[in-house]
Amino acid sequence: MTTATDYRTLTGDYVIDPAHSRFGFVARHAMVTKVRGAFNEFEGSARVDGENPANSSAELTIKAASIDTRNADRDEHLRSNDFLAMAEHPEITFRSTEITHTGEDTFDVTGELTVRGVTRSVTIPLSFEGQAVDPFGNSRIGFEGSTTINRRDFGVTWNAALETGGVLVSDKVVLEFEISAVKQN
C-alpha cells in the first residue's frame, strides 16, 4: 500500500550532495550515436516550503572545467571557445524563478540557466524520488528529471558537416538531473 507524501515534513534548507548527485547531458554525435557526459564539480542548495512549493527555491553552480565525457581530447574541445569557452565563462549556473507542484510527486522548476554568459529561461520537470534518513542521521531528499535545450540558444554554435550529410554534433542537448540533497536545519 502506498501513501501520498506529506511534503510539509520536507520544509527546510538543503545542500546538494555532490557524492550522490549527477548533472549530466546527452548529445547526438555524427547523427548515429549519443555521447553522454557529466560535470564532476558543482554545488547547490534549495529552500523547500512543503506547504507552499511556490515559495521554494533552488540554485546550482557547475564548474565548466569539470566536464567529463570519458574522452580527454573531446573534453578539451568542449572546454574551448568552440563550445563552453571555459576560460571566459568558468561557471554554468541555474537559479529558480518558479516552482510548481504539477502532480502527486512531480514538480516543474523554472529558472534562469546561464551557459557561456548567455541566460535563458528553462523549465525542468522533476519527480520526487523520496525521503530517507541515512546511516549518519542525515535527512535526504531525492529528485530526478531531464529537459532538452538547444545549445545554439546559448551561443554554442560550432559544428562540422559530415560527408554523408548532417552534422557532427546535434543542436539539441538533453540535460539530466539526479539530485540527492541533505537537510541543513
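Here the structure is a predicted model, which means the values were calculated and not measured.

A closer look at the pairing of strand β10 (residues 139–150)
Next, step 1: Pairing geometry for strand β9 (residues 118–133) and β10, over seven bridges, is antiparallel. Considered in β10, the bridge of Q131 is made with I141.
Next, step 2: The turn linking β9 back onto β10 is made up of five residues, and G137 within it adopts a positive phi angle of 85°.
Next, step 3: Across 11 bridges, β10 lies against strand β11 (residues 169–183) in antiparallel orientation. From the neighbouring strand, I149 faces β11, where its bridge partner is V173.

Regarding a nonpolar patch on the surface
Next, step 1: A cluster of nonpolar side chains, contributed by M31, V32 and V167, occupies part of the molecular surface with about 280 Å² of accessible area.
Next, step 2: Looking at the element boundaries, V167 is found in the loop between β10 and β11.
Next, step 3: The class of V167 is partly exposed, set by a relative accessible area of 31%.

Some words on helix α1 (residues 72–79)
Next, step 1: Regarding α1, the residues found buried are D75, L78 and R79. The buried residues of α1 occupy one face: seen down the axis, they fall within an arc of 100°.
Next, step 2: The inward-facing, buried residues of α1 contact β6 (67–68).
Next, step 3: Regarding α1, its N-cap is N71, as a side-chain oxygen of that residue lies 3.2 Å from the backbone nitrogen of D73 further along.

Digging into a negative patch on the surface
Next, step 1: On the surface, E104, D105, E129 and E144 cluster together into a negatively charged patch.
Next, step 2: Looking at the secondary structure, you find E129 in strand β9.
Next, step 3: Accessibility expressed as a relative area gives 47% for E129, which makes it partly exposed.

A few points about the environment of N150
Next, step 1: Among the secondary structure elements, N150 is positioned in strand β10.
Next, step 2: The exposure class assigned to N150 is partly exposed, which follows from its relative accessible area of 27%.
Next, step 3: Here R152 takes part through its backbone nitrogen, which lies 2.9 Å from a polar atom of the side chain of N150.

Here is what the cut-offs are and how they apply
Residues numbered from 1 in each chain as written. Predicted model: local features only at pLDDT ≥ 70, side-chain atom pairs only at ≥ 80, totals over all residues. Heavy atoms only, no water. Pairing = 2+ DSSP bridges. Helix = DSSP H or I, 4+ residues; strand = E, 2+ residues; numbered from the N terminus. Patch = residues over 30% accessible without salt bridge, like charges linked within 9 Å, V, L, I, M, F, W, Y side chains within 5 Å. Areas by Shrake-Rupley, 256 points an atom, 1.4 Å probe, with all protein chains shown as cover. Salt bridge = Lys/Arg side-chain N within 4 Å of Asp/Glu carboxyl O. Buried < 20%, exposed > 50% of the residue type's maximum accessible area, 1.4 Å probe, protein only. Arc of directions from axis to C-beta. Contact = heavy atoms within 4.5 Å. Polar contact = N/O pair within 3.5 Å; in protein donor to acceptor, adjacent residues only side chain to side chain. Lys, Arg positive; Asp, Glu negative; His and termini not counted. Charge placed at Lys NZ, Arg CZ, Asp CG, Glu CD.

Just distances and angles here, no functional claims.
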